[in-house]
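Close look at the chain arrangement
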Amino acid sequence: MTLPIPSLRTLLFRLHWALGLTAGLVLALMGLTGALMSYEEAMTAFANRDRLEVTPGARTALSPATLAARIDAQAGGRIANVLTLSDDPRASVHVRFARDPETRARPPAAYADPYDGTLLGPVRLEGAFTTVRDLHRWLLLPGGSKGWGRTITGACTLALLAFLGTGLYLRWPRIHRWRIWLKPALSRPGRPRWWSLHAVVGTWLLPVYLVIALSGLTWSYPSFKDGATRLLAGAPDAGKPARPAGSKAAGRPVDAGADGGAAVDRAWADFRARTGDAAGTAVLTLPGADTKAIRIRWLPKGVDAPSARNEERYDPLTGALLASERATDAPLGRRLLDNILEVHRGRFFGDLVALLFCLAALAMPGFAATGLTLYALRRRAGARRRAVEPKASAGAVRAV
């Protein structure tokens, strides 16, 4: 006796619900944590609103090197690594510290007064969001980015692509009417209502989940990232301006507190002269053990879109300009790669799309819940059907 061969539709249906009972639960957790991280900056700013502003008065802002030196003197052995400076005279400075050379852990960030270097306090909620981020990326499992957690979340991201493909195939309508395709039939009772809600919302959000999954895979699989780089930007370093000849000091880690301090101030003065009043927020990365050049990434004044971010790189010993990149000069593929986190969160495409991405992430637990409901209802219906069949067979025998 030969077993019947299931159809392709049956196989894909079983794959869909099998993944839903396993990877779907992990994706629900990743969706919740991803939605939280979508507005991390806004929530952090609200929690630290009393430390975001200072009173400038008649004071003059310190140069970056002097500011970093004063912060270091108060930081108890921590070394300022990244300063976020604003064109707003009332804005405090966001300070990130270099990683511990032994543990490789990064100390908590803090705020500082740009006029005297006084530390205003640590960044509230930073630890909470660090935990949320680790939960999102590797489920807080031992080993971090090199453990099983990253393998599991990467596999679940692949499962999300499988959900999109199998779900689209399974719900492809025999009759192509937009009402069937795009409008949920909430008036239908029981399982058809849940299926319609599950399928139609999934259809609407399919492009969003496709972007989330493809961008997320760049962190899970280096080979996928290399392929995406070649597809979008050609060679891995395509689109990056070449360093000027004679910049042999580039790449040497130096201490910004020594001669590098003068180089930092020269680089900052050159940056201010080159950009004038055009620059708004500027993120200044100081040279050190982890950073081999002075890097300034900045947004134009009044602009908050990550896709508009520009970058200048300076020699860490002389403060001479090495490279200048403008977002308007870079091709779209290069800008997508350089802002892959913002693409993943939807912020690259604007505030409305970012909100849509956040809602899509929040909907992931809903897909898990409706999928489990459909599975339970299907199992219950199957049990009832099997219970009725013997009675029907017995009645037919008695009738004969």
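Remember, it's a predicted structure, so these values are computed and weren't measured experimentally. (Residues numbered from 1 in each chain as written. Predicted model: local features only at pLDDT ≥ 70, side-chain atom pairs only at ≥ 80, totals over all residues. Heavy atoms only, no water.)

Quick look at the sheet that holds strand 4 (residues 119-122)
- Reading across the sheet, the eight strands line up as 4-3-2-1-5-6-7-8 and stay open at both edges, with antiparallel pairing between neighbours. Edge positions in the open sheet fall to strand 4 and strand 8 (321-325), since each of these has one partner strand only. Put simply, the sheet's adjacent strands are angled 20 degrees from each other on average, direction ignored.
- Inspection of the sheet shows strand 7 (residues 310-314) paired to strand 8 by four bridges, in the antiparallel sense. Across the sheet, Tyr 314 pairs through a bridge with Leu 321, a residue of strand 8.
- Packing of helix 3 (residues 64-74) onto the sheet brings it into contact with strand 1 (80-85), strand 2 (93-97), strand 3 (110-112), strand 4 and strand 5 (279-285), and relative to strand 1 it is tilted by some 125 degrees. (Pairing = 2+ DSSP bridges. Helix = DSSP H or I, 4+ residues; strand = E, 2+ residues; numbered from the N terminus. Axes fitted to C-alpha atoms, helices over the stretch in contact; angles between N-to-C directions. Contact = heavy atoms within 4.5 Å.)

Examining the packing of helix 4 (residues 126-138) against helix 5 (residues 148-171)
- One way to put it is that helix 4 packs onto helix 5 with a least axis distance of 7 Å and a crossing angle of 65 degrees. Within the contact between the two elements, helix 4 uses His 136, Arg 137 and Trp 138 and helix 5 uses Gly 149, Arg 150 and Thr 153.
- Here the contact of helix 4 with helix 5 is composed, by residue class, of one nonpolar, three polar and two charged. (Nonpolar A, V, L, I, M, F, W, Y, C, P; charged D, E, K, R; others polar.)

Notes on a nonpolar patch on the surface
- Among the surface-exposed residues, Leu 32, Leu 36, Tyr 39, Met 43, Leu 125, Leu 355, Leu 359 and Leu 362 lie close enough to one another that they form a single nonpolar patch of about 660 Å² accessible area.
- At the level of elements, helix 1 (8-38) and helix 12 (351-399) are the ones that each hand at least two residues to the nonpolar patch.
- Considering every element that reaches the nonpolar patch, the biggest residue donor is helix 12, with three residues.
- With respect to the secondary-structure elements, Leu 36 resides in helix 1. (Patch = residues over 30% accessible without salt bridge, like charges linked within 9 Å, V, L, I, M, F, W, Y side chains within 5 Å. Areas by Shrake-Rupley, 256 points an atom, 1.4 Å probe, with all protein chains shown as cover. Salt bridge = Lys/Arg side-chain N within 4 Å of Asp/Glu carboxyl O.)

Considerations on the UniProt feature "transmembrane region" (unreviewed entry) in the protein chain
- Following the UniProt record, one finds the feature "transmembrane region" (unreviewed entry) at residues 12-39, 148-172, 193-217 and 352-377.
- The distance from the first to the last C-alpha atom of residues 12-39 is 36 Å, and the span holds 96% helix and 0% strand. (UniProt positions renumbered as here; feature names shortened; annotations may be inferred.)

As for the nonpolar core
- Ranked by size, the top nonpolar core spans 25 residues in total, and within it Ile 71, Leu 83, Val 95, Phe 271, Leu 284 and Ile 296 carry the most contacts.
- When contributions to this core are tallied by element, the ones reaching two or more residues are helix 3, strand 1, strand 2, strand 3, helix 9 (260-275), strand 5 and strand 6 (294-300).
- Counting residues per element, this core draws most heavily on helix 9, which supplies five residues.
- Among residues more than four places away in sequence, those in contact with Ile 296 are Ala 267, Trp 268, Phe 271, Ala 282, Val 283, Leu 284, Asn 310, Glu 311, Glu 312 and Tyr 314.
- One finds Leu 205, Ile 212, Met 364 and Phe 367 within the second-largest nonpolar core, a separate group that totals 20 residues. (Core = buried A, V, L, I, M, F, W, Y, C linked by side-chain atoms within 4.5 Å. Buried < 20%, exposed > 50% of the residue type's maximum accessible area, 1.4 Å probe, protein only.)

Let's talk about a positive patch on the surface
- Residues Arg 14, Arg 191, Arg 378, Arg 379, Arg 385 and Arg 386 make up a contiguous surface patch of positive charge.
- Per element, the largest residue contribution to the positive patch is four residues, and it comes from helix 12.
- Of note, Arg 385 is situated in helix 12. (Lys, Arg positive; Asp, Glu negative; His and termini not counted. Charge placed at Lys NZ, Arg CZ, Asp CG, Glu CD.)

Quick notes on the environment of Gly 371
- Mapped onto the secondary structure, Gly 371 falls in helix 12.
- The class of Gly 371 is partly exposed, set by a relative accessible area of 27%.
- For the pair formed by Gly 371 and Trp 17, sequence separation is 354 residues and the distance between their alpha carbons is 7.5 Å.

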